[in-house]
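Take a look at the letters that make up each chain.
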Amino acid sequence: MHIRSQKDFASGIMFVLIGLGFAYVATTYPMGTPAKMGPGYFPFWLGIVLAMIGAIVTMTSMSKKGESDKLAKWDWVSVLWVTGSVVLFGLVLKPMGLVVSLALLVFISAMASHEFHWKGTVVNIVIMNLIAYVAFIWGLKLQFQVWPSFLTP
């Protein structure tokens, strides 16, 4: 067996692991039946389907008909910028509110790009904040802080 497409092989293994992980965690919830689904039913089967798709992608990566490619070297600095921005978002959401924490998330994760431009990032921050506000505050009526705690009465 020879891996012709390293990208497909790696993504297939990732899908299998994530799918099996979701399916395993879903077993900790009541499953129910197909007629009366419990909270674990849908995530369990979604995880199984994702694992099966991953297995198919992994197997096709070894096909003689497929394209041959190599997995690129990871840019660890960019990975750390993006991961750090998500962690920071989670830490500052409650004290700083949605608008500021989302602005920090977008700005810091944009710095991971080798083509970073602050004007495009500011436009992205405004658009993302508008979408998040409309979707989560107006649409879903979620109750979390929008502005920093020191600005709200």
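Residues numbered from 1 in each chain as written. Predicted model: local features only at pLDDT ≥ 70, side-chain atom pairs only at ≥ 80, totals over all residues. Heavy atoms only, no water.

1. Digging into helix H1 (residues 6–26)
Helix length check: H1 (21 residues) gives 30 Å between terminal C-alpha atoms against 30 Å at 1.5 Å per residue, within 8%. Buried within H1 are the following residues: Gly12, Val16, Gly19, Ala23 and Ala26. All buried residues of H1 fall inside an arc of 105° around its axis, so they share one side. Structural note: H1 exposes Leu17 and Tyr24 on the side pointing more than 90 degrees away from its buried face. Where the residues of H1 are buried, they touch helix H2 (41–60). (Helix = DSSP H or I, 4+ residues; strand = E, 2+ residues; numbered from the N terminus. Expected span 1.5 Å × (residues − 1). Buried < 20%, exposed > 50% of the residue type's maximum accessible area, 1.4 Å probe, protein only. Arc of directions from axis to C-beta. Contact = heavy atoms within 4.5 Å.)

2. Some remarks on the environment of Lys119
If you trace the backbone, Lys119 turns up in helix H4 (residues 118–139). For Lys119, a relative accessible area of 59% puts it in the exposed group. Once the C-alpha coordinates of Lys119 and Thr152 are considered, the two residues, 33 residues apart in sequence, prove to be 29 Å apart.

All quantities given are derived from atomic positions and should not be read as evidence of function.
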